Amino acid sequence: MSWYDLKGKDLISVKDWTKEELDVLLRVANDLKSRHYSGETLNPLENKTFMMLFFNSSTRTRQSFEAGMSQLGGHSQFLAPETMRISLDREPGGGESIKDTTKVMGRYAEGAGVRILEDKVDYYGQGTDIMYEMGKYSEIPIINMASDIYHPCQSMTDVMTMQEKVGDLEGKKIAVTWAHSPWVRSWGSIQSNILTSALYGMDVNLAHPEGYELDQDVLGLTEENAKKSGGSFTVTNDMDEAIEGADIVYPRNWMSPDRYEIGKEKEIEMASQHKDWKYTGEKQKLADPGYLLHCMPVDRGNEVEDEIMDDPELSFVYDQAENRLHLQKALMALTMGGSF
Amino acid sequence: MSWYDLKGKDLISVKDWTKEELDVLLRVANDLKSRHYSGETLNPLENKTFMMLFFNSSTRTRQSFEAGMSQLGGHSQFLAPETMRISLDREPGGGESIKDTTKVMGRYAEGAGVRILEDKVDYYGQGTDIMYEMGKYSEIPIINMASDIYHPCQSMTDVMTMQEKVGDLEGKKIAVTWAHSPWVRSWGSIQSNILTSALYGMDVNLAHPEGYELDQDVLGLTEENAKKSGGSFTVTNDMDEAIEGADIVYPRNWMSPDRYEIGKEKEIEMASQHKDWKYTGEKQKLADPGYLLHCMPVDRGNEVEDEIMDDPELSFVYDQAENRLHLQKALMALTMGGSF
Amino acid sequence: MSWYDLKGKDLISVKDWTKEELDVLLRVANDLKSRHYSGETLNPLENKTFMMLFFNSSTRTRQSFEAGMSQLGGHSQFLAPETMRISLDREPGGGESIKDTTKVMGRYAEGAGVRILEDKVDYYGQGTDIMYEMGKYSEIPIINMASDIYHPCQSMTDVMTMQEKVGDLEGKKIAVTWAHSPWVRSWGSIQSNILTSALYGMDVNLAHPEGYELDQDVLGLTEENAKKSGGSFTVTNDMDEAIEGADIVYPRNWMSPDRYEIGKEKEIEMASQHKDWKYTGEKQKLADPGYLLHCMPVDRGNEVEDEIMDDPELSFVYDQAENRLHLQKALMALTMGGSF
């Protein structure tokens with residue numbers, strides 16, 4: 001495979017890319033990181049445009065994509081979604097069709113990223129469906145900047161960071177565990193993490209209280225990935241069991257599958273019944289050594305205790321956040337046809 | 001005339017430029033388009049700034065100006081208008097004067113675009129008056145990115161696209177026709193199109209139901225342009241008559257002159273009485289061949305049927321949308337003093 | 001001192017920089033201004049990122065920082081503050097900690113500016129405290145783009161402009177006077193001006209009606225600065241006394257210290273009792289010659305009469321506004337490590 005083959009390729013879910021393609025992405029990300037640290041100025045996407053459609057707002061994702069594009073010599077447009085009525089089931093008199101919006105955007109830009117979470121769509125999965133629909137009409141790459149189901153840029157950054165810190169991931173144990181917080185978070189980061197961790201041969205231990213079951217399709221796919229890679233995948237309702245002997249711990253809040261029927265207030269109340277689901281110094285003693293992985297923002301004091309969050313030996317989080325930049329630069333450079 | 005003469009020149013209405021000047025604009029637009037396709041990287045406006053004042057939001061206009069400026073090596077600022085109270089009749093204690101706002105902006109930027117439609121002003125024409133007022137105080141070019149009366153960047157793009165597709169426009173027939181939609185659109189794109197089409201020697205056929213009369217001054221000017229160019233201008237209430245034998249058909253909704261007295265709901269109801277004003281396959285058979293021209297967004301199923309919209313032989317719309325980019329790049333490069 | 005020493009240095013208040021450092025800033029600002037006028041293209045911050053956190057919106061500050069960064073070859077991100085809940089007294093379950101937000105931002109960008117005025121914080125001074133807190137965690141420079149207490153970029157621009165117009169400032173008299181307007185303005189620009197004017201050896205005359213007393217700490221510091229520099233500092237409730245013989249007059253509205261207890265409506269009513277506090281042609285006759293200095297926006301007809309505002313001999317304001325650009329370019333280039 002030549003790098004050139006990735007030109008124009010969408011990244012909506014990691015499952016759409018082969019492991020070989022994902023490995024190219026990681027290799028280029030590490031290369032761009034080194035060159036950034038050496039102070040090299042690159043312009044592989046000079047004067048080119050990356051459109052960012054944020055149907056949901058974001059801090060880190062926006063900052064890292066926009067800075068990444070600047071570092072590649074190009075420019076990203078921060079687009080206000082409210083002004084673009086976009087829908088899968090468009091009637092005459094509704095907004096502009098996805099086809100028209102997408103086709104025109106492709107005449108101005110060399111790539112586009114889209115972020116749509118569950119509260120901007122009618123049913124779970126629609127945000128992702130919209131991205132695939134855009135991909136169908138688009139000649140430029142469509143990049144998932146977080147959807148209701150997936151967050152591939154985050155999960156590939158997780159892999160990059162773990163490889164950087166602990167080397168080959170095969171046989172390493174990761175505990176991906178629900179944690180208490182009133183923030184009622186999306187599923188994308190967690191679901192993409194287990195999928196990708198299993199693909200890279202890790203022993204994936206998913207833990208959550210009853211009532212916080214994730215998407216069955218994603219769980220099935222994770223199982224398959226684990227089988228293929230020689231890793232493993234287990235689900236438990238016991239946080240300690242998952243953390244026991246884990247190299248890496250990813251403690252993160254997520255919403256229940258009933259989120260839309262029960263409303264946000266009820267979710268917060270439900271979550272508050274599991275305040276002991278927190279990554280503490282006590283629990284870290286069960287792990288080996290239990291490095292902290294987290295997509296941020298971290299709900300300090302709820303999801304994780306400060307003593308772990310602020311321990312430079314244990315906490316990967318700031319380096320992990322930084323790696324979003326390098327991973328996404330590699331992704332944009334490869335799919336938008338930059339040569340460097 | 002040297003290209004240099006266009007440096008600093010405002011474009012608020014096409015009527016303020018000579019035909020010779022407009023031809024230079026078209027020539028440079030075509031040149032920049034070729035060079036873009038050949039993959040050439042240009043930096044005529046390197047590190048320069050174009051301010052975009054969007055009093056009304058926009059998708060395509062913003063995307064094309066911002067991408068165009070990036071392709072020229074410069075940067076455009078997307079400015080939130082709500083935070084800038086701007087008014088023609090300023091009292092002490094009101095917002096900053098137009099003079100002050102404009103003069104200071106000219107110290108930071110090399111050009112500025114302004115978009116003000118009818119719902120942001122007190123009377124029809126005020127949006128355009130504000131632009132001329134800004135032009136009075138400004139040493140940098142003021143570019144109309146759509147006003148209540150005019151949309152010169154759109155209409156010059158229309159000319160560029162039609163020339164590209166059918167060659168010399170003299171004697172070609174264009175049907176510019178009202179079409180049903182609940183979108184209650186502005187007059188600028190349509191009024192600028194008839195003005196410019198007549199200037200370029202076309203037989204301009206304007207069609208609309210009774211009650212959708214446009215600005216009498218613009219109609220008079222279109223008449224004059226037609227006389228000078230050897231084209232013609234007719235107005236009819238019969239859509240079929242306008243389409244009969246037309247090379248090009250531009251089916252587009254617009255509001256009635258009573259828009260502000262009767263309100264938007266009443267407008268929608270009024271428009272719904274003319275659902276047969278739609279560019280259909282049936283109507284296309286009357287034309288010759290009736291290429292579809294449209295400034296987008298298209299209200300598919302209302303203004304035009306999908307079979308025409310999606311026919312790559314008949315529909316100019318995606319190429320037309322793309323040409324906004326090239327036309328505006330030429331406009332910015334010429335008026336902001338880029339050499340290339 | 002080498003210029004390099006300024007790399008990574010925060011500018012939150014002028015009081016944190018030595019006079020020698022401030023003089024370097026002015027020297028580089030003047031140098032960059034000359035080079036801009038000579039048409040030279042510079043790229044000392046090529047492809048680098050400056051984050052702009054506007055908790056309060058702004059016209060001129062945003063335009064000048066963003067254009068400045070473009071002129072240096074870099075890019076600035078205009079960040080929407082509402083989406084970033086930031087607070088000094090964070091509880092678990094609140095927003096992301098200032099530490100986390102700041103540390104991650106520093107992984108993507110080479111510098112950051114922050115604007116927080118009194119209506120976004122819980123007490124006077126908290127906006128400034130937040131900036132110092134960010135500075136504590138940040139490895140990249142934190143630049144105050146206007147806080148509840150200070151506006152150092154404005155006051156250093158004031159110095160740059162006054163030096164440009166009247167030469168050495170020692171012994172020059174400046175009248176910094178309250179002026180009537182319903183705009184209820186912040187204290188930052190005025191407080192930073194008196195601090196800095198005193199530091200540069202001017203005779204600073206502060207005038208305001210009773211009830212408009214400024215921050216006692218700032219007044220004390222101004223007094224100290226005047227003593228060190230050989231200048232002077234007096235406060236009066238008589239506008240004429242301050243203007244008498246002044247080289248420069250800075251007539252500007254500001255809120256009373258009771259702003260938050262009495263509310264905005266009461267402030268406006270209170271201000272309206274001092275409509276004679278206006279810089280008029282009559283008052284200018286008292287001065288010598290009473291050049292107009294103002295941070296803009298100017299409330300024409302309230303703070304200043306048009307005859308002074310529009311007198312190119314007397315009014316510094318447009319050149320002063322322009323100098324924001326050059327001063328801030330110098331500041332970013334120096335603190336963000338640009339070499340040129």
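Residues numbered from 1 in each chain as written. Chains lettered and ligands numbered in written order. Predicted model: local features only at pLDDT ≥ 70, side-chain atom pairs only at ≥ 80, totals over all residues. Heavy atoms only, no water.

Got a sec to walk through the relation of the copies chain C and chain A? Specific residues and values, please.
The two chain copies are connected by a rotation around an axis plus a translation along it. Rotating chain C by 120 degrees about the axis while translating it 0.0 Å along that axis superimposes it on chain A, leaving an RMSD of 0.0 Å. Taken together, the turn and the small shift mark the pair as related by a three-fold rotation axis. Looking at the rotation axis and the C-alpha trace of chain C, the residue lying nearest is histidine 75 of chain C, at 4.9 Å. A different interface surface on each copy is seen, since only 4% of the contact residues of chain C are contact residues in chain A too. (Least-squares fit on C-alpha atoms with pLDDT ≥ 70 in both. Contact = heavy atoms within 4.5 Å.)

Quick rundown of the environment of asparagine 56 of chain B? Include the residues and the values.
Residue and element names in this part refer to chain B. When you line up the elements, asparagine 56 lands in the loop between β1 (49–54) and α2 (60–71). When its relative accessible area of 7% is taken as the criterion, asparagine 56 is described as buried. Separated by 213 residues in sequence, asparagine 56 and glutamate 269 have C-alpha atoms that sit 24 Å apart. Residues within four places of asparagine 56 in sequence aside, it is in contact with Arg115, Ile116, Leu117, Asp119 and Lys120. Here aspartate 119 takes part through its side chain, which lies 2.9 Å from a polar atom of the side chain of asparagine 56. (Helix = DSSP H or I, 4+ residues; strand = E, 2+ residues; numbered from the N terminus. Buried < 20%, exposed > 50% of the residue type's maximum accessible area, 1.4 Å probe, protein only. Polar contact = N/O pair within 3.5 Å; in protein donor to acceptor, adjacent residues only side chain to side chain.)

I'd love a proper account of the environment of valine 184 of chain B, names of residues and values included.
All names here are of chain B. Within the secondary structure, valine 184 is located in the loop between β5 (173–178) and α6 (188–199). Distance from valine 184 to methionine 51, taken between C-alpha atoms, is 28 Å for residues 133 residues apart in sequence. Not counting the four nearest positions on each side in its chain, valine 184 is found in contact with Asn253, Met255, Arg259, Lys264, Glu267 and Ile268.

How would you summarise the pairing of strand β4 (residues 142–147) of chain B if you had to cite specific residues and measurements?
All names here are of chain B. Within β4, six of the six residues are buried, which leaves the element mostly enclosed by the surrounding structure. For strand β3 (residues 111–116) and β4, the ladder comprises four bridges, and the chain directions are parallel. Within the sheet, the bridge partner assigned to isoleucine 116 lies in β4 and is serine 147. Each parallel crossover has a hand, and the one from β3 via helix α4 (residues 126–137) to β4 is right-handed. (Pairing = 2+ DSSP bridges. Right-handed = clockwise from strand over helix to strand, strands pointing away.)

Please provide a residue-by-residue account of the pattern of salt bridges, values included.
Residue and element names in this part refer to chain C. On inspection of all chains with the given rule, the structure shows 60 salt bridges over all chains. One salt bridge in this structure joins lysine 103 and glutamate 139, with 4.0 Å as the shortest N-O distance. Here lysine 103 is found in helix α3 (residues 98–108), whereas its partner glutamate 139 is found in the loop between α4 (126–137) and β4 (142–147), with 36 residues between them in sequence. Using a relative accessible area of 24% as the deciding quantity, one classes lysine 103 as partly exposed. The partner of arginine 300 in a salt bridge is aspartate 306, with the nearest N and O atoms 3.1 Å apart. Its relative accessible area of 7% is what places arginine 300 among the buried residues. For aspartate 306, a relative accessible area of 39% puts it in the partly exposed group. (Salt bridge = Lys/Arg side-chain N within 4 Å of Asp/Glu carboxyl O.)

Break down the nonpolar core for me, citing the residues and quoting the values.
If you look at the biggest cluster of nonpolar residues, it comprises 105 residues, and the most contacted ones within it are Phe50, Ile194, Leu206 and Met332 of chain C. In this structure phenylalanine 50 of chain C touches Phe65, Met69, His75, Ser76, Gln77, Gly111, Ala112, Gly113, Ile143, Met145, Met332 and Met336 of chain C, once residues within four positions along its chain are discounted. (Core = buried A, V, L, I, M, F, W, Y, C linked by side-chain atoms within 4.5 Å.)

Requested: an account of the state of the cysteines, with residues and values cited.
Residues and elements named next belong to chain B. Inspection of every chain in the model, using the stated rule, returns zero disulfides over all chains. Its sulfur unpaired, cysteine 295 is 13 Å from the next cysteine sulfur, which belongs to cysteine 153. According to the relative accessible area criterion, cysteine 295 is buried, its value standing at 7%. (Disulfide = S-S within 2.5 Å.)

Any details on the domain arrangement of chain A? Residues and values, ideally.
Size of an interface: often given as the accessible area lost when the parts come together. Residues and elements named next belong to chain A. Its domain assignment divides chain A into domain 1 (3–150 + 322–335) and domain 2 (154–320). Here the C-alpha centre of domain 2 lies 25 Å away from the C-alpha centre of domain 1. Facing the 24 residues of domain 1 at the interface are 29 residues of domain 2. For the domain 1 and domain 2 pair, buried surface summed over both sides reaches about 2,200 Å², with 58% attributable to carbon and sulfur atoms. At the boundary of domain 1 and domain 2, one finds one salt bridge. With its nearest N and O atoms 2.9 Å apart, the salt bridge here joins glutamate 164 to lysine 33. (Domains from an automatic or database assignment. Buried area = accessible area lost by both parts, 1.4 Å probe.)

Run through unusual backbone geometry, naming residues and quoting values.
The residue after methionine 296 of chain A, namely proline 297 of chain A, is reached through a cis peptide bond having omega 0 degrees. In this fold, proline 297 of chain A is placed in the loop between β9 (291–292) and α11 (306–309). Non-glycine residue alanine 146 of chain C carries a positive phi angle of around 110 degrees. Within the secondary structure, alanine 146 of chain C is located in strand β4. In this model, valine 184 of chain C sits at a positive phi of 50 degrees, which is unusual for a non-glycine residue.

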